[in-house]
Amino acid sequence: MDTLKETLKELAEVECGRSLRELTTLRIGGHARFVVYPHNIVSLDGVMRVLARNGVRYKMIGKGSDLLCSDRDYDGAVIKLDRFFDDTYYDGNVLTAQAGCSIIACSVEAMKRGLSGLEFASGIPGTVGGAVFMNAGAYRSSICDVLQEVLVMRDGHFEWLSAAQCAFSYRSSIFQKHPDWIILAARFALTPRDKDEIAALMDNRRTRRVQSQPLNKPSCGSVFRNPENGNAWALIDGIGYRGHACGGAQVSEKHCNFIINNGNASAEDYLQLVTEIQQKVKEKYGVDLQTEVEKFNWE
């Protein structure tokens, strides 16, 4: 009997041998020993104690929309909060959302309440926790623009960190330097606005996404961060890589900063294509393209 599995099942919902392909929007990755869905904070605390006591590695993920998992199996626990940590609360113009909430659902509900600030997130296929971790953004707006504070579990304690304490910058936060800190919830300060105006803006952006992004293929969204005073897609187009493929990974014909999985891409296919692009952009433009996507389980 796998006693560790049985112990975890006393604390949370547990799946064994689940493919990371099924847990990421890119649809690439090996299998995880455990995928754990804690029921609440007490459940999560118990899970973390059991993993630590048994020396088991873990990785927190949301919707897996910004992850490039290796093809290797992960002999550890993937912890997901999107099954149970999905409550939201409104206090006037302030939204408190648990980390497992869909950021898209939050933006839609805010619109229905006539609250502005999350329109930019209406097309980001991630959770609140993932969005805070990455300081996700679009249309020149980011999570940090509306974030007040974040509830974090660190060193076995629960505390609220102010936005200033989170060291936000472009697609970056303090949480990337402290992967052992667990984001549990966030508070957002929103602004009253006519809900029809908010809805019209979201509809307009939805139309633009459909027209300009390869939403019908697995991807992790934008692969590269935009360099200062420029667009990553233009540099990739400039090296002639629109539509260029490596195995099952291909630069989108529709948007050059998207690398799609044509159905059978390996992690190595994807990474080789990323590396080629970085090398050729550096050679032609002298620009070091940095990735937005996070690599997982490559060590």
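Residues numbered from 1 in each chain as written. Predicted model: local features only at pLDDT ≥ 70, side-chain atom pairs only at ≥ 80, totals over all residues. Heavy atoms only, no water.

Per an unreviewed UniProt entry, the protein chain carries the name UDP-N-acetylenolpyruvoylglucosamine reductase and comes from Grylomicrobium aquisgranensis. A UniProt comment under Function (unreviewed entry) is attached to the protein chain, and it reads "Cell wall formation." According to the UniProt record, the Sequence similarities (unreviewed entry) comment for the protein chain is "Belongs to the MurB family." (UniProt positions renumbered as here; feature names shortened; annotations may be inferred.)

K.L.:
Help me get a handle on helix α2 (residues 41–53), residues and values and all.
P.N.:
In a regular helix each residue adds 1.5 Å, so 13 residues correspond to 18 Å; α2 covers 18 Å between its end C-alpha atoms and thus fits that length. Put simply, asparagine 40 is the residue that caps the front of α2, since its side-chain oxygen is 3.2 Å from the backbone nitrogen of valine 42. Looking one or two places after α2, you find glycine 55, whose phi comes out positive at around 65 degrees. (Helix = DSSP H or I, 4+ residues; strand = E, 2+ residues; numbered from the N terminus. Expected span 1.5 Å × (residues − 1). Polar contact = N/O pair within 3.5 Å; in protein donor to acceptor, adjacent residues only side chain to side chain.)

K.L.:
Summarise the UniProt feature "domain: FAD-binding PCMH-type" (unreviewed entry) in the protein chain; cite the residues concerned and give the values.
P.N.:
As recorded in UniProt, the feature "domain: FAD-binding PCMH-type" (unreviewed entry) lies at residues 27–193. Across residues 27–193, helical content stands at 18% and strand content at 37%; the span's end C-alpha atoms are separated by 38 Å.

K.L.:
Describe in detail the state of the cysteines, supporting the description with residues and values.
P.N.:
Taken as a whole and assessed by the stated rule, the structure comprises zero disulfides. Between cysteine 16, a free cysteine, and cysteine 69, which holds the nearest cysteine sulfur, the sulfur-to-sulfur gap is 18 Å. Overall, the relative accessible area of 42% leaves cysteine 16 in the partly exposed class. With no disulfide partner, cysteine 166 has as its closest neighbouring cysteine sulfur the one in cysteine 144, 9.7 Å distant. With relative accessibility at 0%, the residue cysteine 166 sits in the buried group. (Disulfide = S-S within 2.5 Å. Buried < 20%, exposed > 50% of the residue type's maximum accessible area, 1.4 Å probe, protein only.)

K.L.:
Break down the nonpolar core for me, with residues and values.
P.N.:
In this structure, Leu8, Val36, Val128, Val132, Phe175 and Phe188 are the most contacted members of the largest nonpolar core, which totals 54 residues. For this core, the leading source of residues is strand β13 (residues 182–189), giving six residues. In contact with phenylalanine 188, other than residues within four places in its own chain, are Asn93, Val94, Leu95, Val128, Ile143, Val146, Leu147 and Gln148. Leu235, Ile236, Ile239 and Ile259 belong to the second largest nonpolar core, which has 26 residues in total. (Core = buried A, V, L, I, M, F, W, Y, C linked by side-chain atoms within 4.5 Å. Contact = heavy atoms within 4.5 Å.)

K.L.:
Summarise unusual backbone geometry; cite the residues concerned and give the values.
P.N.:
Notably, asparagine 135 is not glycine yet its phi reads approximately 50 degrees, a positive angle. For asparagine 135, the location among the structural elements is in the loop between α4 (128–134) and β9 (137–138). Judged by its relative accessible area of 1%, asparagine 135 falls in the buried class. At aspartate 155, a residue that is not glycine, the phi angle is positive and equals roughly 55 degrees.

K.L.:
Give me the side chain of threonine 127: which residues, what numbers.
P.N.:
Of note, threonine 127 is situated in the loop between β8 (115–116) and α4. In contact with threonine 127, other than residues within four places in its own chain, are Gly62, Lys63, Asp82, Ala99, Gly100, Cys101, Ser102 and Ile103.

K.L.:
An account of the UniProt feature "active site" (unreviewed entry) in the protein chain is requested, with residue identities and associated values reported.
P.N.:
UniProt's entry tags Arg171, Ser222 and Glu292 with the feature "active site" (unreviewed entry), counted in the numbering of this structure. Over a stretch of 122 residues, the named residues converge on one spot in the fold, their C-alpha atoms separated by at most 11.3 Å. By the secondary structure assignment, arginine 171 is in the loop between β12 (157–162) and β13. Setting aside anything within four residues of it in sequence, one finds arginine 171 in contact with Met134, Asn135, Ala136, Gly137, Ala138, Ser142, Gln176, Arg225 and Glu292. Among the polar contacts made by the side chain of arginine 171, one reaches the main-chain carbonyl oxygen of asparagine 135 at a distance of 3.5 Å. Secondary-structure assignment places serine 222 in the loop between α5 (195–212) and α6 (232–238). Once residues within four sequence positions are removed from consideration, serine 222 is found in contact with Asn257, Phe258 and Glu292.

K.L.:
Break down the sheet that holds strand β17 (residues 259–261) for me, with residues and values.
P.N.:
Strand order in the open sheet made by the three strands is β15-β16-β17, with antiparallel pairing throughout. The outermost strands of the open sheet, each flanked by one partner alone, are β15 (245–246) and β17. Two strands pair when backbone bridges link them, and strand β16 (residues 249–251) and β17 are joined in this way by three bridges, in the antiparallel orientation. Within the sheet, the bridge partner assigned to glutamine 250 lies in β17 and is isoleucine 260. (Pairing = 2+ DSSP bridges.)

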